[in-house]
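Here is how the chains run, residue by residue.
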Amino acid sequence: LLASPAARRAVDITDAAVLRQIARLRTPWLTTVARGIDRAATGWTMTVLSVGLLVAIMVFRRWRHLFVFLGAIIVMELLGLALYTGFERPRPFDVTAIGRWHGFSSPSPPVVIASAVLMGFAYTMLPQGRPRNIGKAAIGVVLAVLVAVRLYLGVDHPFDDVAALAIGISIPLAAFRLFTPNDVVPVAYGGGKTAHLDVTGRRGEAIRQAVHDQLGLTVLDAKPVGLEGSGGSTPLRLAIAGEGDDGEEVRTYLFAKLFAINHVRSDRLYKIGRRILYGRLEDETRFENVRRLVEYEDYAVRLLRDAGIPTAKPYGIVEITPDREYMLVTSFIEDAVEIGDAEVDDAIIDEGLGLVRRLWNAGLAHRDIKPANLMVADGRVYLIDAAFAQVRPSPWREAVDLGNMMLVLAVRTDADRVYQRALLQFTPDEMGEAFAAARGVASPTQLRSAIKLDGRDLVGDFRRLVPARPHISLQRWSIGRVALATAVALGLLFAANLAVNMFTPSSDIAIDHAPECGTSRLMVLAAQSVPEASQVPCVASLPAGWETHGANVLRGRTTFWLDSDKAGRNAVTVNLLPADRCDVAGATEVPSDEVGTDRFERPSEVDPGLRTTRTYLFDGGCVTYELDFESGAGAELLFDVEQALGFTSRERLVDHVRDLNGLELCGAGARCVS
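These figures come from a predicted structure and were not determined experimentally. (Residues numbered from 1 in each chain as written. Predicted model: local features only at pLDDT ≥ 70, side-chain atom pairs only at ≥ 80, totals over all residues. Heavy atoms only, no water.)

Engineer: How would you sum up the pattern of salt bridges? Please name residues and give values.
Structural biologist: According to the stated counting rule, one finds 31 salt bridges in the structure shown. A salt bridge links R417 to D346; its shortest N-O distance comes to 2.9 Å. You can see R417 sitting in helix α13 (residues 415-422) and its partner D346 sitting in helix α11 (residues 346-362), a full 71 residues away along the chain. A residue is classified by how much of its surface remains accessible, and D346, at 30% relative accessible area, is partly exposed. (Salt bridge = Lys/Arg side-chain N within 4 Å of Asp/Glu carboxyl O. Helix = DSSP H or I, 4+ residues; strand = E, 2+ residues; numbered from the N terminus. Buried < 20%, exposed > 50% of the residue type's maximum accessible area, 1.4 Å probe, protein only.)

Engineer: Break down the nonpolar core for me, with residues and values.
Structural biologist: Core analysis: the biggest nonpolar cluster contains 52 residues, and I511, W546, V572, Y625, F629, L645 and L665 have the highest contact counts within it. It is helix α18 (residues 521-529) that contributes the most residues to this core, 6 residues altogether. Those residues in contact with L665 that sit more than four places away from it in its chain are F93, V524, A527, Q528, R650, L653, V654, V657 and A670. If you look at the next biggest cluster of nonpolar residues, it comprises 43 residues, including M46, I73, M76 and M125. (Core = buried A, V, L, I, M, F, W, Y, C linked by side-chain atoms within 4.5 Å. Contact = heavy atoms within 4.5 Å.)

Engineer: Give me the lowdown on the sheet that holds strand β1 (residues 219-224), citing residues and values where you can.
Structural biologist: Strand order in the open sheet formed by 5 strands is β1-β2-β3-β5-β4, with antiparallel pairing between adjacent strands. Lying at the two open borders of the sheet, with one neighbouring strand each, are β1 and β4 (314-321). Between one strand and the next, the sheet's axes are offset by a mean angle of 30°, whatever the strand orientation. By the bridge criterion, 6 bridges tie β4 to strand β5 (residues 325-331) in an arrangement that is antiparallel. Each residue of the ladder has a partner; that of E319, found in β5, is Y326. Along the sheet, helix α8 (residues 201-215) makes contact with β1, β2 (234-243), β3 (249-260), β4 and β5, crossing β4 at roughly 130°. On the sheet, helix α9 (residues 261-278) packs against β2 and β3 and is oriented at approximately 45° with respect to β3. (Pairing = 2+ DSSP bridges. Axes fitted to C-alpha atoms, helices over the stretch in contact; angles between N-to-C directions.)

Structure below.
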């Protein structure tokens, strides 16, 4: 359409024909209803709903949905703005607009915003399935009513609303489906983590087939297990078919961790957040892909076993979907319970502390010691989940492991008992260093939650028992950290600013230039703003040192501004107003320099800066020049204003529209459907 004037004329003619038929259905009561609906959709109601949606997303901690939604808004605004400024389409011809409007018509900004907000609600608040399907149907009805109202009021063309729906629906839809697919980041209520994938249906079948083909094992059942303590994978218990000594079928169990590409993405975001908050803590580099993630954990598990640390036996890696989903299979520790649910006696305390001593002796750090990763079976403590294990760690990492292990054991017993048992394997200085290091985020979230629920000040109890040591700071400052934090902050401010601008009715899409004398589309739009006005103000010829910086065109008024290098910004404000808003009280009539107009002057200040209002009256309306010159600007600049500004008759614009496509520019006696 932008490349073909003939195609644009055809669309104008088709749209006008449709709107004429709709306008003939107008009745007083239906007009009242339509105006009420339109006012709700284009006013603060939509702003409140939009802000409420963003707040709700944050309350439910759906951060990926939030960032995807903000990203979709940015794309919509950039694309919509490009089309908006490219088309510069006036409001409909051949029908009288009886509703509010602002700026150009295509694509329709209110319909874009309503579509985007409703799609955002569907994909961030409604779970997949019946709730979302019902929501989509309701959204379809709401959007259909909104479009019908806009067409009924004659403020949009049919094409404007079709384009708006295409932008407002398709961009959020594509974004949510691409970056927050339901099987990876489901919308759910009542708990659960986005790391936990659905292992039923097609994925469940794929798991069974892959384990059979790659490990030669027959999976009878795959059920999630231990989800509460897992945030970086989906832990599963696999029931495996086997054969007993007597030939009968028996069922054995294996443990598996399912990793997907979303776990890698989450790991990246987590480490970016950690770097912003604390700097780059040692060995916290991101994994390039999911294959590297599962390979590293398999390597770490084998390293722990080689060091003599009780852990699960690795069986191998299973590829579910190349480069997207992999599964690490290990032995299942029979009859094991988390240490948080086990009876902890001195033997268990010694076992747990002995694990840390063996890690130190082998030059390893686990880095994620918490109740969920310590299993107790037959009086032994098993250390599982080696995804964060580190080779040749710093003394700080080793100290953190000891501090976290002592806290885990103290939750089930008490600090003094654990301290006395620890003296058998560690020195007081080593324990003092541990509790100087194990503070804040150095302890896993689950462990901090367990301590909080316990109610005792276990950290304080240990610090009173161990030698006093100054706290070891977690903050690591670098140029990279400052640059990353600044970039993220600026990006969020940019996205928030776009979102606020898009959802705030008072900040409609700006028109970045003023109407120039002639028959441009902006001039036609200005004529539509005051349909009865016989003259339309415009920029005739800008003298040196003057420029325009935009226009504001809406039903009942057109405003644009002139800036001067001598008189300052907004030195002249030009307003086109209907006759009932023209006030010349207190003004003095002077000879007019514009044909067909009466001129009035009302000076308010001469020194230090010139401030005056000039009004031109004509049939159906008036134009005001509000002059506000900065101090020192000479009165000779008034001659520049007279040279810069002029008028185009409505008759000329009417003839242009009629000659272009055979349609009528409504107002001032034109035969339009009203």
